[in-house]
Amino acid sequence: ISIDILLLIVYYIIKESEGRNDMNQRNTFQRTLTLDAVHTLANHPTADDVYNFVHTKYPQISRTTVYRNLNKLCDSGDLLRVKIFGAADRFDHHLQSHYHFRCDECGSVSDLDLPYIENINQMCAGIGGRIVNAHQILFDGICTECQKK
């Protein structure tokens, strides 16, 4: 192999590596925007809420990008996904174990100030041969704001 070909190969390897680094930087920036939006909204937003918030500041970011980054942030443990039966998932930046409350009237989701039952997974372990890894408890009712109406 000639020195010219070797230099050309090294040049393309470096360029390829820089391109991947730029892509990672872009993804990191977009991921940071998405995470910051959840922190700023601080109301257990849906993916649409997060997208609308980010999109007003950065219209070039697509809905798919925000949704993908929400999933990555949940997978990495930087956000908590709150699954709501019959409605869109919500996203929470409070990562400590806690419970949630959903209002039947307005649909808002909030943290519930209730002691977390640490050993509930172990209490359920073995019932019917199941293995319990985690749990989420969502309480439904009417929030204080809707009670005032």
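Here, every reference points to the structure presented above.
Source: prediction; values computed, not measured.

Visitor: Which residues make up the side chain of Asn-121, and what are the values?
Guide: Among the structural elements, Asn-121 can be located in helix 4 (residues 120–124). Taking relative accessible area as the criterion, Asn-121 reaches 14% and is therefore assigned buried. At a separation of 3.4 Å, a polar atom in the side chain of Asn-121 contacts the main-chain carbonyl oxygen of Asn-133. Among residues more than four places away in sequence, those in contact with Asn-121 are Val-132, Asn-133, Ala-134 and His-135.

Visitor: Tell me about the pattern of salt bridges, and please be specific about residues and values.
Guide: One pass over the full model with this rule turns up four salt bridges. Its salt-bridge partner being Arg-81, residue Asp-89 comes within 3.4 Å of it at the nearest N-O pair. For Asp-89, a relative accessible area of 27% gives the class partly exposed. The closest approach of N and O atoms between Arg-102 and Asp-140, which form a salt bridge, is 3.0 Å. Separated by 38 residues along the polypeptide, Arg-102 in strand 3 (residues 99–103) and Asp-140 in strand 5 (residues 138–141) bring together distant segments of the chain.

Visitor: Before we move on, could you go through the environment of His-55 and cite the residues and values that matter?
Guide: For His-55, the location among the structural elements is in helix 2 (residues 47–57). Along the chain, His-55 and Val-66 lie 11 residues apart, while their C-alpha atoms are 9.1 Å from each other. There is a polar contact of 3.3 Å between the side chain of His-55 and the backbone oxygen of Pro-59.

Visitor: Which residues make up the nonpolar core, and what values do they have?
Guide: Ranked by size, the top nonpolar core spans 14 residues in total, and within it Val-38, Val-50, Val-54, Val-66, Leu-70, Leu-79 and Phe-91 carry the most contacts. With near-sequence residues (within four places) excluded, Leu-79 lies in contact with Leu-35, Val-38, Leu-70, Leu-73, Cys-74, Asp-92, His-93 and Leu-95.

What counts and what doesn't
Residues numbered from 1 in each chain as written. Predicted model: local features only at pLDDT ≥ 70, side-chain atom pairs only at ≥ 80, totals over all residues. Heavy atoms only, no water. Helix = DSSP H or I, 4+ residues; strand = E, 2+ residues; numbered from the N terminus. Buried < 20%, exposed > 50% of the residue type's maximum accessible area, 1.4 Å probe, protein only. Polar contact = N/O pair within 3.5 Å; in protein donor to acceptor, adjacent residues only side chain to side chain. Contact = heavy atoms within 4.5 Å. Salt bridge = Lys/Arg side-chain N within 4 Å of Asp/Glu carboxyl O. Core = buried A, V, L, I, M, F, W, Y, C linked by side-chain atoms within 4.5 Å.

Read these as geometric descriptors, not functional statements.
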